[in-house]
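Understanding the architecture of this molecule
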Amino acid sequence: MFDRVLDIAGALVGFLVVFQAIAVAVNVATRFFFDFTIAAVLGLTEWSVVCMAFLGAAWLERERGHVAMDAIVDRFHGRSRVVLELLAVAVGLVASAVLAYYGTKVSYDMWVAGTHDFFRMQYLPQAYVMAVIPVGGALLFLQLLRRGWTAATSRQDRAEPGEAGDA
């Protein structure tokens, strides 16, 4: 079920990429041909970048698409590699927990204060957009827990080079 949630988040990110391309192209065309811009396009594309980053992070983590320093990681094998993997997961867990916590706090504070983006989209409460940060942080946290569990319980690549069973 969690994979389904990540798939939906990934599909939403894909939709946002297409939306951005079309919205910006239409805005450029209306500016060029009719000498006016669609005011909401700038705000929607800016906020959609926030949504893409936070909703796509857990999906990208599941797909192992995040940047890794392969030149360093590939030098480790066996237990050392598992420890390195678990260390990376631990750092990610702390970062995603901080995002979820503070994202919730900021979203709630904006909700209570009724904060709006008066420069771009006056009609949209910022709490709605900011809510994507704790949601994305929580999804990333859960995905990292899953990755850490897999790394910690996997028997694959446990033996150090030169140990029994290494051919």
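Conventions we followed
- Residues numbered from 1 in each chain as written.
- Predicted model: local features only at pLDDT ≥ 70, side-chain atom pairs only at ≥ 80, totals over all residues.
- Heavy atoms only, no water.
- Helix = DSSP H or I, 4+ residues; strand = E, 2+ residues; numbered from the N terminus.
- Buried < 20%, exposed > 50% of the residue type's maximum accessible area, 1.4 Å probe, protein only.
- Areas by Shrake-Rupley, 256 points an atom, 1.4 Å probe, with all protein chains shown as cover.
- Expected span 1.5 Å × (residues − 1).
- Contact = heavy atoms within 4.5 Å.
- Patch = residues over 30% accessible without salt bridge, like charges linked within 9 Å, V, L, I, M, F, W, Y side chains within 5 Å.
- Salt bridge = Lys/Arg side-chain N within 4 Å of Asp/Glu carboxyl O.
- Axes fitted to C-alpha atoms, helices over the stretch in contact; angles between N-to-C directions.
- Parallel < 35°, antiparallel > 145°, perpendicular 65-115°, else oblique.
- Nonpolar A, V, L, I, M, F, W, Y, C, P; charged D, E, K, R; others polar.
- Left-handed = near helix turned anticlockwise from the far one by under 90°.

Moving on: the overall build of the protein. Within the protein one finds 6 helices and 2 strands. Ordered by position from N to C terminus, the α and β elements of the protein give α-α-α-α-β-β-α-α. Counting over 167 residues, the protein shows a buried share of 31%. Here the protein has roughly 10,900 Å² of accessible surface; of this, 70% comes from carbon and sulfur atoms.

One turn of an α-helix holds 3.6 residues; hence residues three or four places apart share an orientation. When the terminal C-alpha atoms of helix α4 (residues 78–113) are compared, their 52 Å separation across 36 residues agrees well with the 52 Å that a helix rising 1.5 Å per residue should span. Among the residues making up α4, those that are buried are G78, V82, E85, V89, G92, L93, S96, A100, G103, S107 and M110. Close packing links the buried residues of α4 with α5 (126–130) and α6 (132–153). G114 sits one or two residues past α4 and shows a positive phi near 70°.

Attention now moves to a nonpolar patch on the surface. On the surface, V18, I22, V26, F32, F33, F34, F36 and I38 cluster together to form a nonpolar patch covering roughly 870 Å² of accessible area. Following the sequence through the fold, F36 ends up in the loop between α1 (2–34) and α2 (39–62).

What follows is about the packing of α2 against α6. Where α2 meets α6, the closest approach of the two axes is 8 Å, and the angle between their N-to-C directions is 10°. Judged on the interaxial angle alone, α6 and α2 are roughly parallel. Residues V50, C51, F54, L55, A57, A58, E61 and R62 of α2 form the contact with α6, whose own contacting residues are V132, I133, V135, G136, L139, L140, Q143, L144, R146 and R147. Its residues assigned to classes, the contact of α2 with α6 comprises 12 nonpolar, 2 polar and 4 charged.

Below, the discussion takes up the packing of α4 against α6. It is the contact of α4 with α6, at a shortest axis distance of 8 Å, that shows an interaxial angle of 160°. By the angle between their axes, α4 is roughly antiparallel relative to α6. You can see that α4 and α6 cross each other, and the crossing is left-handed.

On to unusual backbone geometry. In this structure, D35 takes a positive phi of about 60° despite not being glycine. Tracing the sequence through the fold places D35 in the loop between α1 and α2.

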